[in-house]
Amino acid sequence: MSTHSLGPSESTPPLGQQALDAPIDSQEMVVNLGPSHPATHGTCRLVVNLDGENIRKMKVDIGFLHRGFEKSCESVTWGQVFPYTDRLNYVSSIMNNVGFALAVEKLCALQVPDRAQYLRVVSSEMHRICDHLTMVGAMGLELGAMTAFLYAVEARDLMWDRLTEICGARLTSNYVRVGGVARDLPDGWVEKTLATLDRTAELRDTIDALLTRNRIFMDRTRGVAVVSRADACEWGYTGPCLRASGEPYDVRKAAPYLVYDRLEFDVPVGTRGDNFDRYLMRMEEMKQSDRMVRQCFQRMEPGDIAVRDFRYVLPPKPQVYGTIEGVMAHFKLVMEGIQVPAGEAYGYTEAANGELGFYLVSDGSGRPYKIGLRAPGWPMVASMPVVLKDALLADLVPTFDTFNMIGGEVEQ
Amino acid sequence: MSQAAAEALLARFPSDVTRAPVGPGGDDVVFVKKERIADACRFLKEDPALRFNMAPYVTAVDYLGQEPRFEVVYNLYSSSLNHRLRLRVKVPESDLAVPSVCGVWRGADWFERYCYDMYGITFPGHPDPRRLFMYEEFVGHPLRKDYPLRGRQPLTPEREVADLFRGPGPESRD
């Protein structure tokens, strides 16, 4: 039996610089991340081929959260699709409701009342703040900054409290209807929300102070997963990820819908297209959304919250119980659904992660013939193997976060 | 929406492109013959007056009972000129191969995989033609109108995965 000494033996000379820098014969290793890895935000399986710490090849395997969104929608009425859209991007569900409602209204050539438009913008922009807070907080978490996440979640829950007061649920809002919205604001809601916005802004600034000029955070995010402007277009990026790469495309400016053309807001555009820029986009967009909500409160006037056309919107209850026309309209809407004119249309809106598109085909009946969903996160996730080629494994998870894959919408 | 883009495409491919009625909301739509779709897309992307630089949203529709049965829809967008165009391609059930536009925009990759997965339309020239959401052993294409709403998929036997990176499936798959 021989004894082993832990230190360098007397006879071996110390290693020279050349020997230290010499490449080690190494084998590529395959690591399977997910599908239920906490860093994959949902259920996405990433298989990476590692050479040391560097990713040489990568495969993205999605579909673990596939629920058959489009198939389910084909067997329910147009109005019953709204709860399904809630579950697409569950962090900002009202934006999905709005996107779908606008696409249906495009087919019906329906113009919703002013107040309903303002309410849709207010709730969407509040949800945009929630979505960005989640992304920013989780990004800190993934780089080891737990505190930022706690602040973000506190702010997000404050927002969700306000949204619960108008729609009755934290996550699955089901607030928007074809032709308007479901409920008007409760009494005193505007004042309460202004206070919430102030508190949220405070918390956002705290996160900003914790992360934006943080040396470790900057070193970990700057120059990581760079996507050039041309590549971003080539892949079909939209939303903050596209703008971080320098392409100033925002549906709210390019093709204004609802009341966005009446509001004053800026669209931040990045220069480098790295993780840090994608983070900065979110921070700035939260400020802009805050601005928009406040402007809406100033300009909103009392009025109808839905069109007064009972081919699209359920009549008020006294009318249902008191008049034959009311009963008939109610019955036909519930049993047969809204009779959307036959045709096809593509409606698109700016959701938190980019262009949320609905390609609708109607055969003139009360049920959708086809609903095609263009999830904003789709192209970003598809591009990951190329964007992260030769990157460090430790950068994979924060990049996954800045692309902000939401399993609900990408995997439908 | 761009009337001009539709006109330019009609002028360039007079025998392969036909105009569709303007959709609700003023969407410009044209029908393109299946064989020329990749050429038409390349033209739309590279022509300096059209510049459809963004990867389109590609989806498919099953018009069961009509002939041709399927349709692949390309929603094109140009971020530099801010205009849109929709291309519709009729696909008969007897010949489900549509030339891939992955060579034009890399971003069409997953959308075409989705069309294959859900409708069984194939895209010759696609770099990685696999299913997107469903697993390899899944039988049928769920978004087809004749796919039953109730039923069960056959159980797939657990098998040794020799190559974790490649995953299960026949050797020749990718």
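Residues numbered from 1 in each chain as written. Chains lettered and ligands numbered in written order. Predicted model: local features only at pLDDT ≥ 70, side-chain atom pairs only at ≥ 80, totals over all residues.

Some points on the overall build of chain A
The secondary structure content of chain A amounts to 18 helices and 8 strands. For chain A, the spread of C-alpha atoms along the three principal axes comes to 105 × 45 × 45 Å. For chain A, the residues scored as buried account for 50% of the 412 residues in total. Expressed as a percentage of contacts within chain A between residues at least 6 apart in sequence, the contacts between residues at least 24 apart total 70%. (Helix = DSSP H or I, 4+ residues; strand = E, 2+ residues; numbered from the N terminus. Buried ≥ 20, exposed ≤ 12 C-beta atoms within 10 Å, placed from the backbone. Contact = placed C-beta atoms within 7 Å.)

Considerations on the overall build of chain B
When you go through chain B residue by residue, the secondary structure sums to 3 helices and 5 strands. When the helices and strands of chain B are listed from N to C terminus, the series reads α-β-β-α-β-β-β-α. With 174 residues in all, chain B has 39% of them scored as buried. Summarising the internal contacts of chain B: among those between residues at least 6 apart in sequence, 52% fall at separations of at least 24.

Looking at the nonpolar core
Residues A:V104, A:V381, B:V72 and B:C115 are the most contacted members of the largest nonpolar core, which totals 166 residues. When residues in this core are grouped by element, the largest group, 14 residues, is from helix 5 (residues 114-142) of chain A. (Core = buried A, V, L, I, M, F, W, Y, C linked by C-beta atoms within 7 Å.)

Quick notes on unusual backbone geometry
Omega for the peptide link from B:E67 to B:P68 comes to -5°, which places this bond in the cis form. Phi is positive for A:A109, which is not a glycine, with a value near 50°. In this fold, A:A109 is placed in the loop between helix 4 (93-108) and helix 5. Look at A:A109 and you get exposed, because 10 C-beta atoms sit within 10 Å. Notably, B:N82 is not glycine yet its phi reads approximately 55°, a positive angle.

What about the interface of chain B and chain A?
The interface of chain B with chain A comprises 28 residues on the first partner and 37 residues on the second. Broken down by secondary-structure element, the contributors of at least two residues to the side of chain B that touches chain A are strand 3 (54-62), strand 4 (70-78) and helix 3 (108-119) of chain B. Here the side of chain B that touches chain A takes 5 residues from strand 3 of chain B, the largest share from any one element. A class-by-class count of the residues in the side of chain B that touches chain A yields 16 nonpolar, 8 polar and 4 charged. (Nonpolar A, V, L, I, M, F, W, Y, C, P; charged D, E, K, R; others polar.)

Considering the sheet that holds strand 5 (residues 83-91) of chain B
All names here are of chain B. Across the sheet, 5 strands lie side by side as 1-2-5-4-3; this open sheet has mixed pairing. Two strands in the sheet have a free side with no partner beyond their single neighbour: strand 1 (17-19) and strand 3. Across the sheet, the axes of successive neighbouring strands diverge by a mean angle of 25°, strand direction being ignored. With 3 bridges joining them, strand 1 and strand 2 (residues 29-32) adopt antiparallel strand pairing. (Pairing = 2+ DSSP bridges. Axes fitted to C-alpha atoms, helices over the stretch in contact; angles between N-to-C directions.)

Description of the pairing of strand 6 (residues 343-351) of chain A
Residues and elements named next belong to chain A. The element strand 6 is largely enclosed, with a buried count of 8 among its 9 residues. Here strand 6 pairs with strand 7 (residues 354-362) via 9 bridges, running antiparallel. Paired with A345 across the two strands is L360, which belongs to strand 7. Hairpin connection of strand 6 to strand 7: 2 residues between the antiparallel strands.

Some remarks on helix 4 of chain A
Residues and elements named next belong to chain A. In this model helix 4 runs 23 Å from its N-terminal to its C-terminal C-alpha over 16 residues, within 8% of the 22 Å that 1.5 Å per residue would give. Judged by how many residues are buried, helix 4 sits mostly within the fold: 16 of 16 residues are covered. In the segment just after helix 4, A109 is the residue with positive phi, at about 50°. (Expected span 1.5 Å × (residues − 1).)

A look at the pairing of strand 8 (residues 370-374) of chain A
All names here are of chain A. Where burial is concerned, most of strand 8 is hidden: 5 out of the 5 residues are buried. Across the two faces of strand 8 the burial is the same, with K370, G372 and R374 and I371 and L373 all buried. In terms of strand pairing, strand 7 meets strand 8 through 5 bridges, oriented antiparallel. By the bridge assignment, G357 is partnered in strand 8 with R374.

Brief notes about the sheet that holds strand 3 (residues 54-61) of chain A
Strands pair in a sheet through their backbones, by hydrogen bonds, and they do so in one of two ways: parallel or antiparallel. Residue and element names in this part refer to chain A. One open sheet accounts for 3 strands, arranged 1-2-3; its pairing is antiparallel. Both outer strands of the open sheet, strand 1 (29-33) and strand 3, are each paired with one neighbouring strand and no more. Pairs of neighbouring strands in the sheet enclose a mean axial angle of 20°, with direction left out of account. One ladder, built from 5 bridges, connects strand 1 with strand 2 (residues 45-51); its direction is antiparallel. Among the inter-strand pairings, M29 is bridged to a residue of strand 2, identified as L50.

What to know about helix 2 (residues 37-46) of chain B
Residues and elements named next belong to chain B. Residues I37, A38, A40, C41, L44 and K45 constitute the buried set of helix 2. Angularly, the buried residues of helix 2 cover 160° about the axis, an arc narrow enough to put them on a single face. Considering only its buried residues, helix 2 is in contact with helix 1 (3-12), strand 1, strand 2, strand 4 and strand 5. (Arc of directions from axis to C-beta.)

A word on the environment of A:D114
Residue and element names in this part refer to chain A. For D114, the location among the structural elements is in helix 5. Residue class for D114 comes out partly exposed when judged on the 17 C-beta atoms lying within 10 Å of it. Placed 55 residues apart in sequence, D114 and K59 show a C-alpha to C-alpha distance of 47 Å. Sequence-distant contacts of D114, that is, excluding residues within four places in its chain, are made with E301 and G303.

Examining the environment of A:D274
All names here are of chain A. Within the secondary structure, D274 is located in the loop between helix 11 (251-254) and helix 12 (275-299). The class for D274 is buried, based on 21 C-beta atoms found within 10 Å. Between the alpha carbons of D274 and S173 there is a distance of 33 Å; along the sequence they are 101 residues apart. For D274, the residues in contact, after removing those within four places along its chain, are T221, R222, G223, V224, A225 and V226.

A few points about the packing of helix 7 (residues 189-211) of chain A against helix 12 of chain A
All names here are of chain A. Packing of helix 7 against helix 12 brings their axes to within 11 Å, and their N-to-C directions diverge by 165°. On the basis of the axis angle, helix 7 is roughly antiparallel to helix 12. Judged by the sense of rotation from one axis to the other, the crossing of helix 7 with helix 12 is left-handed. For the pair helix 7 and helix 12, the contacting residues are V190, L197, A201, R204 and D208 in the first and M283, M286, D290, V293, R294 and F297 in the second. Its residues placed into classes, the contact of helix 7 with helix 12 shows 7 nonpolar, no polar and 4 charged. (Parallel < 35°, antiparallel > 145°, perpendicular 65-115°, else oblique. Left-handed = near helix turned anticlockwise from the far one by under 90°.)

Section: the confidence of the model for chain B
Any segment with low pLDDT has predicted coordinates that should not be analysed in fine detail. Per-residue confidence for chain B gives a mean pLDDT of 82, with 89% of residues at or over 70. ipTM for the predicted complex: 0.86, alongside a pTM of 0.87. (pLDDT = per-residue confidence, 0-100.)

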